[in-house]
Amino acid sequence: MKNIKKYAFSDLYDMSSGISTKKEQAGHGSPFVSFSTVFNNYFLPDVLPDLMNTTEKEQNTYSIKEGDILVTRTSETINELAMSCVALKDYPTATYSGFTKRLRPKTEGIVYYKYLAFYLRSYLFRKTVTNNAFITTRASFNEDIFSFLNLYLPDYDEQVRIGDLLYSMEKKIRLNKRIIAELEQMAKTIYDYWFVQFDFPNVEGKPYHSSGGEMVWNSRLKREIPKDWEDSLISNEFITLLGGTPDTKVSKYWNGNIPWLSSGEIATSPIIKSEKSITESGINNSTTSFVKAGAVLLSITRYIRPSILEIDACFNQSVVAIIPTSKFKTAFLYPFMLSQVNRYMSLRTGAQQPHINKTVVDETIFVVPDEQTLEKYYDLVEPIYNKITSIAKEIDELTNFREWLLPMLMNGQVTLNSCLVPSL
């Protein structure tokens, strides 16, 4: 790309520290930018999810305006240091965490903030940050690191063209994530109506329980359930499997064509890819398990989380797989496991690594509806989960395309006139 110029980052932005707060200030008051909000977003959300009780003076000192960049100040790992998030508008009365730094523009007409949002998250810039962090041997984004960093920027108009294109992709990704969240909530609401409140449609199409449907006491579930429904244990109806990890010192076990998941990857549902993969030899020489798409995976260490697996995969020892059956399909099993999260969290043991074991999962009791009700439920809910998976794959494709396109646009290998951009 022609006309790329080098700028010292510190010549273009002023850096300021965030506000120090106390625990009792949190949860009420004015909008607040937390470490996690910065870490997880290219751009600040329209509505900030956190609140902090701050004074007018603090709101003036730690203000957030359009074009400001927030970066994470500290991290347990160098790779997560100085993750950036850009403000697209002014946030009156908002302040930002002391675990972040604010970079405020000194100039106009040199940097387009939407372009910079992607530039600062690009592989090359992230690599520069980590290299300088190693030089200072401090896992903290400070004045020293800031003074080492340079920006290589094209003309402002070119930044606007590239930044607006990438931002349109980002908006599409964010929209799709909101749609997934709404669909998941819709599916959960239906499950709760039918199998928690027992207000599934009766023969007249009216809510069963609310319309006086006959209920009977179930001593194991310790509650009333619809007449002719039963209870059962997870271990009686499902195959459950615990995972394992091939020896990480044996290279022939890794980088094969079989996806392998850590418990951290269970945080997102559905699962459509893995960060690591193993070989057949890795499976045969470890305690890991291989399951087909459709299984429900449950992370059992620290955070208890279920997820629908949409790929064939193996997984580590902090994950239990529950295999659906022709009667109890994924669309029933997943929201049921979701409903058990709070109970499982209360059953964790271990101070350093709080966890539940596989037996806790196996001994979980659940209500067994009649098959006719289950079939009606599947007709209603399975299309919702299929739609969620379809949108998740679209997000992944769009993200991959953006990550592929980003460095080539920034170093001039392709131009907006030559690259193929999917319709948004």
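An unreviewed UniProt entry lists the protein chain under the name Restriction endonuclease subunit S, from Metabacillus flavus. In UniProt, the protein chain has this text filed under Sequence similarities (unreviewed entry): "Belongs to the type-I restriction system S methylase family."

A.B. asks: Help me understand the overall build of the protein chain in this model?
C.D. replies: Within the protein chain, the regular secondary structure consists of 13 helices and 21 strands. In terms of overall dimensions, the protein chain has a C-alpha envelope of 75 × 55 × 50 Å along the principal axes. By the burial criterion, 48% of the 424 residues in the protein chain qualify as buried. Looking at the protein chain alone, contacts between residues at least 24 apart form 74% of all its contacts between residues at least 6 apart. As displayed, the protein chain has an accessible area near 21,600 Å², and 49% of this comes from carbon and sulfur atoms. The averaged location of the 48 negative side-chain charges in the protein chain is 5 Å from the averaged location of its 46 positive side-chain charges.

A.B. asks: It is not clear to me how helix 10 (residues 330-339) should be interpreted in this structure. Could you clarify?
C.D. replies: A turn of α-helix holds 3.6 residues, and therefore any two residues three or four places apart point the same way. A large share of helix 10 lies buried, amounting to eight of its 10 residues. All of the buried residues along helix 10 are T330, A331, F332, L333, Y334, P335, F336 and M337.

A.B. asks: Explain the sheet that holds strand 19 (residues 313-315) here, please?
C.D. replies: Working definition: the strands of a sheet are paired by backbone hydrogen bonds and lie parallel or antiparallel to each other. As summarised here, the arrangement of the four strands in space is 15-14-19-16, forming an open sheet in which the pairing is mixed. Taken across any chain shown, the strands that pair with only one partner, and hence form the sheet edges, are strand 15 (276-278) and strand 16 (289-291). With strand direction ignored, the average angle separating the axes of adjacent strands in the sheet is 55 degrees. Pairing analysis gives four bridges linking strand 14 (residues 254-261) to strand 15, with the strands arranged antiparallel. Pairing of P259 across the sheet is with S277, part of strand 15.

A.B. asks: Sorry if this is basic, but what is going on with the packing of helix 7 (residues 156-195) against helix 10 here?
C.D. replies: For any two helices packed against each other, one specifies the inter-axial angle together with the distance between the axes. Closest axis-to-axis distance for the helix 7/helix 10 pair is 10 Å, and the angle between their directions is 90 degrees. As judged from the angle between their axes, helix 7 and helix 10 are roughly perpendicular. Here E184, Y191 and F195 of helix 7 lie close against helix 10, whose contacting residues are F332, Y334, P335 and F336.

A.B. asks: Hey, could you run me through the packing of aromatic side chains in this one?
C.D. replies: Both the distance between ring centres and the angle between the ring planes are used here to describe each pair of aromatic rings. Under the counting rule described, the total for this entry stands at 33 aromatic pairs. Plain terms: the ring middles of Y42 and F118 are 5.3 Å apart, the flat faces sit at 45 degrees to each other, and that makes the pair tilted. Placement of Y42 in the loop between helix 2 (35-40) and strand 4 (50-52) and of F118 in helix 4 (residues 113-119) is noted, with a sequence separation of 76 residues between them. Overall, F118 belongs to the buried group, its relative accessible area being 1%. Relative to F366, the ring of F328 has its centre 5.3 Å away and its plane inclined at 85 degrees; by these criteria the two rings are edge-to-face. Taken together, the residues F328 in the loop between strand 20 (319-323) and helix 10 and F366 in strand 21 (residues 365-368) connect sequence positions 38 residues apart. On the accessibility criterion, F366 (2% relative accessible area) is buried. The ring of Y42 carries R121 above its face, with NZ or CZ at 5.0 Å from the centroid. The ring of Y42 has R402 lying over it, and the distance from NZ or CZ to the ring centre is 4.6 Å.

A.B. asks: Is there a simple way to explain the sheet that holds strand 20 in this structure?
C.D. replies: In spatial order, the strands read 13-20-17-18; together these four strands make up an open sheet with antiparallel pairing. Edge positions in the open sheet fall to strand 13 (239-242) and strand 18 (305-308), since each of these has one partner strand only. The sheet shows a mean angle of 25 degrees between the axes of neighbouring strands, taken without regard to direction. Where strand 17 (residues 296-299) meets strand 18, four bridges bridge the pair, whose relative direction is antiparallel. In the strand pairing of strand 18, V296 is matched with I308. In the packing of helix 10 onto the sheet, contacts are made with strand 17, strand 18 and strand 20, and the angle to strand 18 comes to roughly 165 degrees.

A.B. asks: Where do I start with helix 13 (residues 371-411) in this structure?
C.D. replies: Over its 41 residues, helix 13 runs 60 Å from end to end, which matches the ideal 60 Å to within 8%, given 1.5 Å per residue. Where helix 13 starts, the residue carrying a side-chain oxygen 3.2 Å from the main-chain nitrogen of Q372 turns out to be D370. Looking one or two places after helix 13, you find G412, whose phi comes out positive at around 85 degrees.

A.B. asks: Explain the pattern of salt bridges to me, please; I cannot follow it from the model alone.
C.D. replies: Opposite charge on two side chains permits pairing when their charged atoms draw close. Taken as a whole and assessed by the stated rule, the structure comprises 12 salt bridges. Here the salt bridges do not stand alone but share partners, grouping E170, R402 and E403 into one network.

A.B. asks: Mind showing me how you'd approach the UniProt feature "domain: Type I restriction modification DNA specificity" (unreviewed entry) in the protein chain here?
C.D. replies: If you check UniProt for "domain: Type I restriction modification DNA specificity" (unreviewed entry), the listed places come out as residues 5-185 and 226-399 in our numbering. Within residues 226-399, the helical portion is 34% and the strand portion 25%, while the C-alpha atoms at the span's ends are 46 Å from each other.

A.B. asks: Could you clarify how one ought to interpret the layout of surface pockets in this entry?
C.D. replies: Once rolled over the atoms, a probe with the size of a water molecule shows which space is left empty. In this structure, the largest pocket spans a volume of roughly 1,900 Å³. Together, 47 residues line the largest pocket, and N40, K177, T268, I395 and T399 are the ones closest to its centre. Contributing elements (two or more residues each) for the lining of the largest pocket: helix 2, helix 5 (123-136), helix 7, strand 18 and helix 13. Tallying contributions element by element places helix 7 first for the lining of the largest pocket, with 10 residues. The space that makes up the second largest pocket amounts to roughly 380 Å³. Lining the second largest pocket are 18 residues, with Y119, S122, Y123, L124 and F125 sitting closest to its centre. Listing elements by their share of the lining of the second largest pocket, those giving two or more residues are helix 5, strand 9 (150-153) and helix 13.

Rules used throughout
Residues numbered from 1 in each chain as written. Predicted model: local features only at pLDDT ≥ 70, side-chain atom pairs only at ≥ 80, totals over all residues. Heavy atoms only, no water. UniProt positions renumbered as here; feature names shortened; annotations may be inferred. Helix = DSSP H or I, 4+ residues; strand = E, 2+ residues; numbered from the N terminus. Buried < 20%, exposed > 50% of the residue type's maximum accessible area, 1.4 Å probe, protein only. Contact = heavy atoms within 4.5 Å. Areas by Shrake-Rupley, 256 points an atom, 1.4 Å probe, with all protein chains shown as cover. Lys, Arg positive; Asp, Glu negative; His and termini not counted. Charge placed at Lys NZ, Arg CZ, Asp CG, Glu CD. Pairing = 2+ DSSP bridges. Axes fitted to C-alpha atoms, helices over the stretch in contact; angles between N-to-C directions. Parallel < 35°, antiparallel > 145°, perpendicular 65-115°, else oblique. Phe/Tyr/Trp six-rings, centres within 6.5 Å; stacked < 30°, edge-to-face > 60°. Lys NZ or Arg CZ within 6 Å of the ring centre and 35° of its normal. Expected span 1.5 Å × (residues − 1). Polar contact = N/O pair within 3.5 Å; in protein donor to acceptor, adjacent residues only side chain to side chain. Salt bridge = Lys/Arg side-chain N within 4 Å of Asp/Glu carboxyl O. 1 Å grid on protein atoms, 1.4 Å probe; cavity = no way out; pocket = protein on both sides within 12 Å on 5 of 7 lines; lining within 4 Å. Points joined across faces, edges and corners; volume = space filled by probe spheres on them.

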